[in-house]
Amino acid sequence: MLAALIAAAVTTTPVPPASPTPRPNVHPALWVVNDEDTIIYLFGTFHALDGKSEWFNDEVRTAFSSSEELVLETIVPDSLKKRVPQRPAPQGVGMQTVGPFAGSASFLSTSKMVMSAGRSQGMSTDHGADAILREAADTAGIPVNGLETFDFQLGMFGKMPGAKPPADPAEAARTKAAVAAVLAQLQSDWNRGDVEGFVPMLEQMEARSPATYKLLFNDRNNRWAFWIAKRLRQPGVVFVAVGAGHLAGKDSVQQKLSLYGIRTTRVN
């Protein structure tokens, strides 16, 4: 009888559609570098996100909207986008760095272990800050360029030392769960603009594989700081977006810029 009453109520009483739950407003870190006639915004991205927060607003949106050019780590050719997942990074790279989502090159997100761990947290590169920014730039007609060529990144990954993933299924499952937990924590840190939350990952990578750390972070941050210093000689407003891990720690892009006597100022 109760079931019949419930069924009758459902069929005779219109139920208004539920209002969509608003996404929480978050504040990832943004810096600015400027001189008399040049403004360069320096934004730390997260390459894959769960899409549950609203970050492309407030200071980030204002800075982006005032910019004349978007500069990413690299530009994946449109013709290759569907092929990238079929060309995974070297075995174990994702487990060593965790950083495809945390701040290393976007192509590392093809690591099967990290992709799987990210998906378990609802993360996708489609929701990633890089993808959102590029789509916004394309829509607004803003030129998009890369700090590195796609071919350069492919060559870089070929030089990276690999590590065998766990052969035991139980151990592999525990590793995946651990990676997923790290990704979730790093995304939370990113949402709060807490770049210091990325430092333990960087320190762990440097301790375990100094060559990988040097290749992925120290050397690249040096080159990117040089690019920014050189770009300051040209008037204009530029929005530079690189993985947030590159803007944290002792070898951050900001620290490299300080060697040129260039000061970065936190915007939010």
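Quick caveat, the model's predicted, so the values are computed rather than measured.

Engineer: Sorry, what's going on with the overall build of the chain here?
Structural biologist: Counting its secondary structure elements, the chain contains ten helices and six strands. For the chain, with 268 residues in total, the buried portion stands at 48%. Counting only contacts in the chain whose residues sit at least 6 apart along the sequence, the fraction spanning at least 24 positions is 82%. Surface exposure of the chain reaches about 13,400 Å², of which carbon and sulfur atoms provide 56%.

Engineer: How do you make sense of the nonpolar core when you look at a structure like this?
Structural biologist: Grouped burial of nonpolar side chains is what soluble globular proteins tend to show. Phe43, Trp55, Phe64, Leu133, Trp190 and Phe239 are the most contacted members of the largest nonpolar core, which has 64 residues in total. Ranked by the residues each element gives to this core, the list is headed by helix H9 (residues 210–231), at seven residues. Once residues lying within four places of it in the same chain are set aside, the contact partners of Phe239 are Leu30, Tyr41, Phe43, Val60, Ala63, Phe64, Ser67, Glu69, Leu70, Val71 and Leu133.

Engineer: Where do I start with the packing of helix H6 (residues 150–158) against H9 in this structure?
Structural biologist: How two helices pack is summed up by the angle between their axes together with the distance between the axes. Put simply, H6 and H9 touch, their axes get as near as 12 Å, and they point 145° apart. As H6 runs across H9, the sense of the crossing is right-handed. Residues Phe152, Gln153, Met156 and Phe157 of H6 form the contact with H9, whose own contacting residues are Leu215, Leu216, Arg220 and Arg223. Looking at side-chain class alone, the contact of H6 with H9 contains five nonpolar, one polar and two charged residues.

Engineer: Explain the packing of aromatic side chains to me, please; I cannot follow it from the model alone.
Structural biologist: The geometry of an aromatic ring pair is captured by the separation of the ring centres together with the interplanar angle, meaning the angle of the planes. Counted by the stated rule, this structure contains twelve aromatic pairs. For the ring pair Phe43 and Trp55, a centre distance of 5.7 Å and an interplane angle of 20° mean the geometry is stacked. Of the two residues, Phe43 is situated in strand E2 (residues 38–45) and Trp55 in the loop between E2 and helix H2 (58–65); the sequence distance between them amounts to twelve residues. A relative accessible area of 6% means that Trp55 is categorised as buried. Look at Tyr213 and Phe217: their rings are 6.0 Å apart centre to centre, the planes differ by 20°, and that puts the pair in the stacked class.

Engineer: I would appreciate a short explanation of the side chain of Ser252 in the present structure.
Structural biologist: Along the chain, Ser252 turns up in the loop between strand E5 (236–243) and helix H10 (253–258). You can call Ser252 buried: its relative accessible area is 3%. Sequence-distant contacts of Ser252, that is, excluding residues within four places in its chain, are made with Asn221, His246 and Leu247.

Engineer: What's the story with the pairing of E5 in this structure? I'm lost.
Structural biologist: Every regular strand shows the same layout, with side chains that alternate between the two sheet faces. In terms of burial, E5 is a largely internal element, eight of the eight residues being buried. Two elements, E2 and E5, share eight bridges in a ladder whose sense is parallel. Each residue of the ladder has a partner; that of Ile40, found in E5, is Val238. Here three bridges tie strand E3 (residues 69–74) to E5, and the two strands are oriented parallel to one another.

Reading the values: rules and limits
- Residues numbered from 1 in each chain as written.
- Predicted model: local features only at pLDDT ≥ 70, side-chain atom pairs only at ≥ 80, totals over all residues.
- Heavy atoms only, no water.
- Helix = DSSP H or I, 4+ residues; strand = E, 2+ residues; numbered from the N terminus.
- Buried < 20%, exposed > 50% of the residue type's maximum accessible area, 1.4 Å probe, protein only.
- Contact = heavy atoms within 4.5 Å.
- Areas by Shrake-Rupley, 256 points an atom, 1.4 Å probe, with all protein chains shown as cover.
- Core = buried A, V, L, I, M, F, W, Y, C linked by side-chain atoms within 4.5 Å.
- Axes fitted to C-alpha atoms, helices over the stretch in contact; angles between N-to-C directions.
- Left-handed = near helix turned anticlockwise from the far one by under 90°.
- Nonpolar A, V, L, I, M, F, W, Y, C, P; charged D, E, K, R; others polar.
- Phe/Tyr/Trp six-rings, centres within 6.5 Å; stacked < 30°, edge-to-face > 60°.
- Pairing = 2+ DSSP bridges.

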